[in-house]
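# Results of the structural survey
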Amino acid sequence: MIKAITGTKDILPSDIRKWYHLENLVRKIFQNFNYKEIRTPIFEETSLFARGIGEETDIVSKEMYTFRDRSDTSITLKPEMTAGVVRAFIEHSLGEKQPLTKVFYISPMFRQERPQAGRLRQFHQFGAEALGSTSPLLDAEMIEMAFEILTRLGLNDLSVKINSLGIPSARENYKNELRKYLSDKKDKLTEESRIRFEKNILRIFDSKAEQDQEIMKNAPLLIDYLDDESKQDFEVVKKYLTDLNIPFEVDPKLVRGLDYYTKTTFEIISGKVGAQSSLCGGGRYDLLVEELGGKPTPGVGFAAGMERILLACENENVLNLPEPYIDVYLVRIDSDLMLKVSEIASSLRKNDLIVDYDYLNRSVKAQMRDANKMNARFVLFVGGDEFRNGELLVKNLSTSEQEKIKVSELSSLINKIKMYGS
Ligand code: HAM
């Protein structure tokens, strides 16, 4: 039997309402902040991600789904959206149409990581990007939008961590300090961190190994080496978050796994999803547009993992949606009335009622069972003496009240059912 590829997951009809709920909420919140949706292709030229995210990052060096297509172009399934959004921004000169471009997205992403709870190879992100302003109010707005979505879902066990990575020159000075600090301790680091020492020294802070953490405990911190502008912007972000009553903590060791960040970075962590606890992450990337060939344009954004968020909801026992229901189930009493049933169903459906009936030629008893299983609000019996008199029997399944209506007066029934639902 052929099974789904490791690290991919079917979203079955029984799960889909949670996805709809989350997607609707995401669209609503982003629209409240006047972000417009953008959809970019699932695959892009590999060099976009290599240049955008950084050759030495785990994503680019180990996790991308890269292949050559029939014309020998190196193609990669998108591991994240920011690079693709920036490519589209440059390609369509969006910055010339308006000074500030605010976009959001909901899309599958692909990373060949080791699968575990909350970590998949095909997963979904929603996120937002704002291009064209250096205002730290936008940094805070990103955190505000992410926090708003998570709290509206009912999540409680959240912590917002923020940091500033400064501008590259300040970061280079700091990296030299870090190199100095580690130079006589390097041999005690894990092999992975020794490699990072050479290639991407900041990421040593991400190591979970105790021996690394012990050494990094006393390491100099980037936040103490920030340039004045980054420092000031960081103060504004903190002030705005405080004014918005969003609890946060400064985590000077938050370095993030993508190379494009400058100044503010942040993550929102859930205490309820185990090892893969980061629900969302983002930050400012003031140099990325230029690095990808566009006019210098500052940017800031974030992305959130939807599977992780839904896992957090499950573990916090929130997002308990009401049972699904249908408005009307048509019970066919006489077997020769199949066409009549489908005709009535059709006119009810045209009026936006959720309607179903039996397609399997089942008995009236079995049809009633079906109606209950589907949580039907009303059952409409088609057939019997009533039907011969031009009438239908309607039963409200929650009150068991019954009434007869004329087949010719279906519209009054439709109104009644609509009122019932509202
Ligand atoms: P990221 O931190 O790589 O950032 O991913 C954002 C979120 O995607 C993570 O916090 C996590 O919830 C989810 N995620 C990442 N990898 C997986 C996985 N293998 N399985 C399930 N969920 C996963 C970015 O992608 C940046 N583009 C965010 C950004 C936008 N920065 C600026 N703008």
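Preceding this paragraph is the structure being described.
Reference entry: report on the structure contained in this document.

Judged by nonpolar contacts, the single largest core of 93 residues is most densely connected at Phe 30, Tyr 35, Phe 126, Leu 178, Phe 302 and Ile 309. Here this core takes nine residues from helix H6 (residues 136-152), the largest share from any one element. Filtering out sequence-adjacent residues up to four positions away, Tyr 35 remains in contact with Phe 30, Lys 102, Val 103, Phe 104, Ala 128, Glu 129, Ala 130, Leu 138, Glu 141, Met 142 and Met 145. Core analysis: the second largest hydrophobic core is formed by 21 residues, Ile 344, Leu 348, Leu 353 and Leu 410 among them.

Here we take up the environment of Asp 385. Residue position: Asp 385 is located in helix H15 (residues 384-388). Taking the C-alpha atoms as reference points, Asp 385 and Asn 163, separated by 222 residues in sequence, lie 75 Å from one another. At 3.0 Å, the side chain of Asp 385 forms a polar contact with the side chain of Arg 388.

Of all the seven residues making up strand E10 (residues 278-284), six are buried; the element is thus mostly covered by neighbouring parts of the structure. Pairing of strand E9 (residues 262-270) with E10 involves six bridges; the strand directions are antiparallel. Within E10, the position partnered with Thr 262 by the bridge is Arg 284. Taken together, the five bridges between E10 and strand E11 (residues 299-305) define a ladder with antiparallel strand orientation. What sits directly across from Gly 281, in E11, is Ala 303.

Right, let's get into the pairing of strand E12 (residues 326-332). Taking burial as the measure, the seven residues of E12 include seven buried ones, the bulk of the element. Alignment of E12 against strand E14 (residues 376-382), held across six bridges, turns out to be parallel. What sits directly across from Leu 330, in E14, is Leu 380. As paired elements, E12 and strand E13 (residues 355-357) share three bridges and run parallel to each other. Within E13, the residue paired with Tyr 329 across the bridge is Asp 356.

What counts, and where the lines are drawn
Residues numbered from 1 in each chain as written. Predicted model: local features only at pLDDT ≥ 70, side-chain atom pairs only at ≥ 80, totals over all residues. Heavy atoms only, no water. Core = buried A, V, L, I, M, F, W, Y, C linked by side-chain atoms within 4.5 Å. Buried < 20%, exposed > 50% of the residue type's maximum accessible area, 1.4 Å probe, protein only. Helix = DSSP H or I, 4+ residues; strand = E, 2+ residues; numbered from the N terminus. Contact = heavy atoms within 4.5 Å. Polar contact = N/O pair within 3.5 Å; in protein donor to acceptor, adjacent residues only side chain to side chain. Pairing = 2+ DSSP bridges.

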